[in-house]
Amino acid sequence: ARASILKAGGECLTFDKLAMRSPLGKGTVLLRGPVKARQAERHFGRAPGVPHSTTAPHVRAKGRKFEKARGKRSSRGYKA
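Here is a short report on the structure shown in this document. (Residues numbered from 1 in each chain as written. Predicted model: local features only at pLDDT ≥ 70, side-chain atom pairs only at ≥ 80, totals over all residues. Heavy atoms only, no water.)

### A closer look at the overall build of the chain
Rules: The numbering of helices and of strands both runs from the N terminus, where a helix is a DSSP run of H or I of at least 4 residues and a strand a run of E of at least 2. Per-residue accessibility, obtained with a 1.4 Å probe over protein chains only, is compared with the maximum for each type, and a residue is labelled buried under 20%, exposed over 50%, and partly exposed between these values. Accessible surface is estimated by sampling points in the Shrake-Rupley manner with a 1.4 Å probe; for residues, cover comes only from the protein chains shown. For the purpose of counting charges, residues Lys and Arg are taken to be positive, whereas Asp and Glu are taken to be negative. His and the chain ends are not included. Where a charge lies is defined by one atom per residue type, namely NZ (Lys), CZ (Arg), CG (Asp) and CD (Glu).
When its secondary structure is counted, the chain shows two helices and zero strands. With the principal axes as the frame, the chain shows a C-alpha extent of 65 × 20 × 20 Å. A burial count over the chain gives 8% of its 80 residues as buried. When the accessible area of the chain is evaluated, it comes to approximately 7,500 Å², of which 56% is carbon and sulfur surface. Within the chain, the 4 negative side-chain charges are centred at a point lying 15 Å from the centre of the 20 positive side-chain charges.

### Quick look at a positive patch on the surface
The line we're drawing: Grouping into patches uses exposed residues only, defined as over 30% relative accessible area, and leaves out salt-bridged ones; the cut-off is 9 Å for like charges and 5 Å for nonpolar side chains (Val, Leu, Ile, Met, Phe, Trp, Tyr). Salt bridge, as used here: a side-chain nitrogen of Lys or Arg that lies within 4 Å of a carboxyl oxygen of Asp or Glu.
A grouping of Arg 60, Arg 64, Lys 65, Lys 72, Arg 73, Arg 76 and Lys 79 is seen on the molecular surface, where their side chains present a positively charged patch. Mapped onto the secondary structure, Arg 73 falls in the segment after α2 (15-21).

### Comments concerning the side chain of Thr 55
This is how the line gets drawn: Nitrogen and oxygen atoms within 3.5 Å of one another constitute a polar contact, given that in protein one can donate a hydrogen and the other can accept it, and given that sequence-neighbouring residues count only through two side-chain atoms. Residues count as neighbours in contact if any of their non-hydrogen atoms are within 4.5 Å of one another.
Its place among the elements puts Thr 55 in the segment after α2. At 2.6 Å, the side chain of Thr 55 and the backbone oxygen of Arg 46 are in polar contact. Once residues lying within four places of it in the same chain are set aside, the contact partners of Thr 55 are Arg 42, His 43, Phe 44, Gly 45, Arg 46 and Pro 48.

### Notes on the environment of Thr 14
Checked against the element boundaries, Thr 14 lands in the loop between α1 (2-7) and α2. Overall, the relative accessible area of 43% leaves Thr 14 in the partly exposed class. Within the structure, the side chain of Thr 14 is placed 2.4 Å from the side chain of Asp 16, a separation counted as a polar contact.

Have a look at this one:
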C-alpha cells in the first residue's frame, strides 16, 4: 500500500508526525488493512461440504489420504 500511495504523489506518516502537522486531522485520510485477511478466516462460515460453501475444512495434512474424496465415498466422511 505504501508504494502505491507514494507513486500517486501521497505520503505516509506515523501518528505522532500526523499529530504534529495537523492536530485536528483536517485534510487527512486514515487507511487500515483488511480485517478478514487472516488465514483462520478461511475456516469460518458455512460448513465445508455443504452446497455453495467455500469454507476450507480443518485438515491434518494435504496429502492423498486426507479429505480428497469427501462426498464421493463413505469412507471419507459421507457419500452423496
